Amino acid sequence: MEPWPEGRAADPKAARERYNADLKGDRQAIREVIRADLPAAHFGLGAVLVASVLVGCLAGPVAGALVTGAFATLFALTLAVMFLRGIRGTDALRRAYLFSFGWGGWL
């Protein structure tokens, strides 16, 4: 516990404002760390394609199709959620693509 800068008679409004400012800064830092961009998403899509081909060669074409189908289903569900939220057009496609394959930047 840190002592409050105001001393024992702390102003609750000032404490709440300081708390909200700190929380906003933390959230911005987290958003910046986990942000995905299109090159990372392209890399993620490429990794899925390579993985599905490898699985298809090693375990059979049905297993490779299952890997591809799982990510295609994830993309379709994410796109449906975007439409339900009222996001339309290319913005919905971009957001669904980034959500489904944006993890490629972490490989």
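You'll find the structure just up there.
The rules we used
- Residues numbered from 1 in each chain as written.
- Predicted model: local features only at pLDDT ≥ 70, side-chain atom pairs only at ≥ 80, totals over all residues.
- Heavy atoms only, no water.
- 1 Å grid on protein atoms, 1.4 Å probe; cavity = no way out; pocket = protein on both sides within 12 Å on 5 of 7 lines; lining within 4 Å.
- Points joined across faces, edges and corners; volume = space filled by probe spheres on them.
- Helix = DSSP H or I, 4+ residues; strand = E, 2+ residues; numbered from the N terminus.
- Nonpolar A, V, L, I, M, F, W, Y, C, P; charged D, E, K, R; others polar.
- Patch = residues over 30% accessible without salt bridge, like charges linked within 9 Å, V, L, I, M, F, W, Y side chains within 5 Å.
- Areas by Shrake-Rupley, 256 points an atom, 1.4 Å probe, with all protein chains shown as cover.
- Salt bridge = Lys/Arg side-chain N within 4 Å of Asp/Glu carboxyl O.
- Contact = heavy atoms within 4.5 Å.
- Phe/Tyr/Trp six-rings, centres within 6.5 Å; stacked < 30°, edge-to-face > 60°.
- Buried < 20%, exposed > 50% of the residue type's maximum accessible area, 1.4 Å probe, protein only.
- Axes fitted to C-alpha atoms, helices over the stretch in contact; angles between N-to-C directions.
- Parallel < 35°, antiparallel > 145°, perpendicular 65-115°, else oblique.
- Left-handed = near helix turned anticlockwise from the far one by under 90°.

Chemist: Before we move on, can you summarise the layout of surface pockets with the specific residues and values?
Modeler: The volume enclosed by the largest pocket comes to roughly 230 Å³. Forming the boundary of the largest pocket are Arg-31, Ile-34, Arg-35, Ala-36, Leu-98, Phe-99, Gly-102, Trp-103 and Trp-106. Taken together, the elements giving at least two residues each to the lining of the largest pocket come down to helix H1 (12–34) and helix H4 (89–101). For the lining of the largest pocket, a count of residues per class yields six nonpolar, one polar and two charged.

Chemist: Which residues make up a nonpolar patch on the surface, and what values do they have?
Modeler: On the surface, a cluster of nonpolar side chains totalling about 480 Å² of accessible area is made up of Ile-30, Val-33, Ile-34 and Trp-106. Looking at the element boundaries, Trp-106 is found in the segment after H4.

Chemist: Got a sec to walk through the side chain of Ser-52? Specific residues and values, please.
Modeler: By secondary structure assignment, the location of Ser-52 is in helix H2 (residues 38–59). The residues touching Ser-52, leaving out its near neighbours within four places in the chain, are Gly-64, Val-67 and Thr-68.

Chemist: Quick one: what's the story with the packing of aromatic side chains, residue by residue and with numbers?
Modeler: Counted under the stated rule, the structure contains three aromatic pairs. Here Phe-71 and Trp-103 contribute two aromatic rings whose centre-to-centre distance is 6.0 Å and whose plane-to-plane angle is 40 degrees, an arrangement assigned as tilted. Taken together, the residues span a long stretch of sequence, with Phe-71 in helix H3 (residues 61–84) and Trp-103 in the segment after H4 at a distance of 32 residues. You can call Trp-103 partly exposed: its relative accessible area is 26%. With centroids separated by 5.6 Å and ring planes inclined at 55 degrees, the aromatic side chains of Tyr-97 and Phe-101 adopt a geometry described as tilted. Of the two residues, Tyr-97 and Phe-101 both sit in helix H4, four residues apart, roughly one turn of that helix.

Chemist: For the packing of H2 against H3, give the residues involved together with the corresponding values.
Modeler: The packing of two helices is summarised by the inter-axis angle and the distance between the axes. Across the interface, H2 lies against H3 with an axial gap of 6 Å and an inter-helix angle of 155 degrees. Taken together, the axes of H2 and H3 are roughly antiparallel relative to one another. Where H2 crosses over H3, the handedness of that crossing is right-handed. On H3, the residues that touch Val-48, Ser-52, Val-55, Gly-56 and Ala-59 of H2 are Pro-61, Ala-63, Gly-64, Val-67, Thr-68 and Phe-71.

Chemist: Give me the lowdown on the pattern of salt bridges, citing residues and values where you can.
Modeler: Working definition: two side chains of opposite charge can pair if their charged atoms are close together. Considering all chains together, one arrives at two salt bridges under this definition. One salt bridge in this structure joins Arg-95 and Asp-91, with 3.5 Å as the shortest N-O distance. Here Asp-91 and Arg-95 lie together in helix H4, a separation of four residues that amounts to about one turn. What makes Arg-95 partly exposed here is its relative accessible area of 33%. Overall, Asp-91 belongs to the partly exposed group, its relative accessible area being 26%. One network of salt bridges, in which partners are shared, links Asp-91, Arg-94 and Arg-95.

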